[in-house]
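What follows is the residue order along each chain.
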Amino acid sequence: MSRIFTGENRTITVKQVVFGGDKPVIIAGPCSVESRQSILDIALSLKPMGIDVLRGGVFKPRTNPYDFQGLGYRGLEYLKEAADAIQVPFITEIMDESAIDAFVEIVDIIQIGSRNMYNYSLLKALGRTQKPILLKRGMSATIHEWIMAAEYLASEGNSNVILCERGIRTYDTYTRNTLDLSAVPIMKAETGLPIIVDPS
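Keep in mind the model is a prediction, meaning the values are calculated, not measured.

Chemist: Where do I start with the pattern of salt bridges in this structure?
Modeler: Where charged atoms from two side chains of opposite charge approach closely, those side chains can pair. Enumeration over the complete set of coordinates arrives at eight salt bridges. One salt bridge in this structure joins Arg36 and Glu81, with 2.6 Å as the shortest N-O distance. Of this pair, Arg36 sits in helix α1 (residues 36-46) while Glu81 sits in helix α2 (residues 73-86); the two residues are 45 residues apart in sequence, bridging distant segments of the chain. For Glu165, the salt bridge identified is with Arg137, shortest N-O distance 2.9 Å. Separated by 28 residues along the polypeptide, Glu165 in strand β8 (residues 161-165) and Arg137 in the loop between β7 (133-136) and α5 (143-155) bring together distant segments of the chain. Taking the relative accessible area as the measure of exposure, Glu165 reaches 0% and is therefore buried. Several salt bridges converge on common partners, so that one network encompasses Arg137, Glu165 and Asp180.

Chemist: Sorry, what's going on with the nonpolar core here?
Modeler: Generally speaking, a soluble globular protein has its nonpolar side chains buried in company with each other. Of all hydrophobic cores here, the largest spans 47 residues; its most connected members are Leu54, Leu126, Leu135 and Leu163. The residues contacting Leu163, other than those within four sequence positions of it, are Leu135, Trp146, Ala150, Met187, Thr191, Leu193, Pro194, Ile195 and Ile196.

Chemist: For this particular structure, what's the right way to read the packing of helix α4 (residues 120-127) against α5?
Modeler: In a pair of packed helices, the angle between the axes and the distance between the axes together describe the arrangement. Interhelical geometry of α4 versus α5 gives an angle of 40° and a closest axis separation of 6 Å. On the basis of their axis angle, the class for α4 and α5 is oblique. Mapping the contact onto sequence places Tyr120, Leu123, Lys124, Leu126 and Gly127 in α4 and Ala149, Tyr152 and Leu153 in α5. When grouped by side-chain class, the residues that make up the contact of α4 with α5 number six nonpolar, one polar and one charged.

Chemist: What am I meant to see in the side chain of Lys136 here?
Modeler: Relative to the helices and strands, Lys136 is located in strand β7. At 2.8 Å, the side chain of Lys136 forms a polar contact with the side chain of Asp198.

The rules behind these values
Going along each chain's sequence as written, the residues are numbered from 1 onward. Where local features are concerned, this predicted model is filtered to residues with pLDDT of at least 70; where side-chain atom pairs are given and counted, the filter is 80 or more; whole-chain, interface and lining totals use all residues. With hydrogens and water set aside, each side-chain value is computed from the structure's full complement of heavy atoms. Salt bridges are defined by distance alone: a side-chain nitrogen of Lys or Arg within 4 Å of a carboxyl oxygen of Asp or Glu. Only runs of H or I of at least four residues qualify as helices and only runs of E of at least two qualify as strands under DSSP, and these elements are numbered from the N terminus. Summary of the burial criterion: residues with accessible area below 20% of their type's maximum are buried, those above 50% are exposed, and those between are partly exposed, where the area comes from a 1.4 Å probe applied to protein chains only. Here, nonpolar core refers to any group of buried Ala, Val, Leu, Ile, Met, Phe, Trp, Tyr and Cys residues whose side-chain atoms link them within 4.5 Å. The criterion used for residue contact is that any of the two residues' heavy atoms lie within 4.5 Å. Angles here are taken between N-to-C directions and fall from 0 to 180 degrees, while the axes themselves are lines fitted to C-alpha atoms, restricted in helices to the stretch in contact. What sets the label is the angle itself: under 35 degrees gives roughly parallel, over 145 gives roughly antiparallel, 65 to 115 gives roughly perpendicular, and the rest give oblique. Under the grouping applied here, Gly and all other residues not named as nonpolar or charged are polar, the nonpolar ones being Ala, Val, Leu, Ile, Met, Phe, Trp, Tyr, Cys and Pro and the charged ones Asp, Glu, Lys and Arg. Whenever a nitrogen or oxygen atom comes within 3.5 Å of another N or O atom, the pair is scored as a polar contact, on the condition that within protein one atom can donate a hydrogen and the other can accept it, and that pairs from neighbouring residues in sequence are kept only if both atoms are in side chains.

Set out below in structure tokens:
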């Protein structure tokens, strides 16, 4: 029995932004927050473009352990300050359960990245909150597996889930991943949840 699909399309409102409504939602911002001034400058430059949500990574999962992995909680404060300055909600990725309390208190939308789509203990813990969750599709995830990840959140009581198609790994090595646009109407029909596309 599905706790995600109620038989109708859902909308999720975060502050003034409605996901799943008639108006497209534009999320923009840097891959990672590198300094207070840089995220403020980026936010102020995005404001005239009419963005709806500011994004930025403060804990960055990297394949290479020696690459920059974010500013952590200091970056979270900078990101919130920048979002408040342009009066939009913000989104950032959570990496593990130890950060949940801080994220629930500060973050407007908590992102589960593609690597953590299969992190069922994290999904269940976030399911016990009522925070809006943006659930990215795993890089090799089937549609059924993606739906089940959303069900993990809903099974613990949180159905405030926004789906994000971000591309899947294919046999082609020319691009990092291949955007599976066919998944968008399928997921909408199967779950009724708001869904966005990450073209990056």
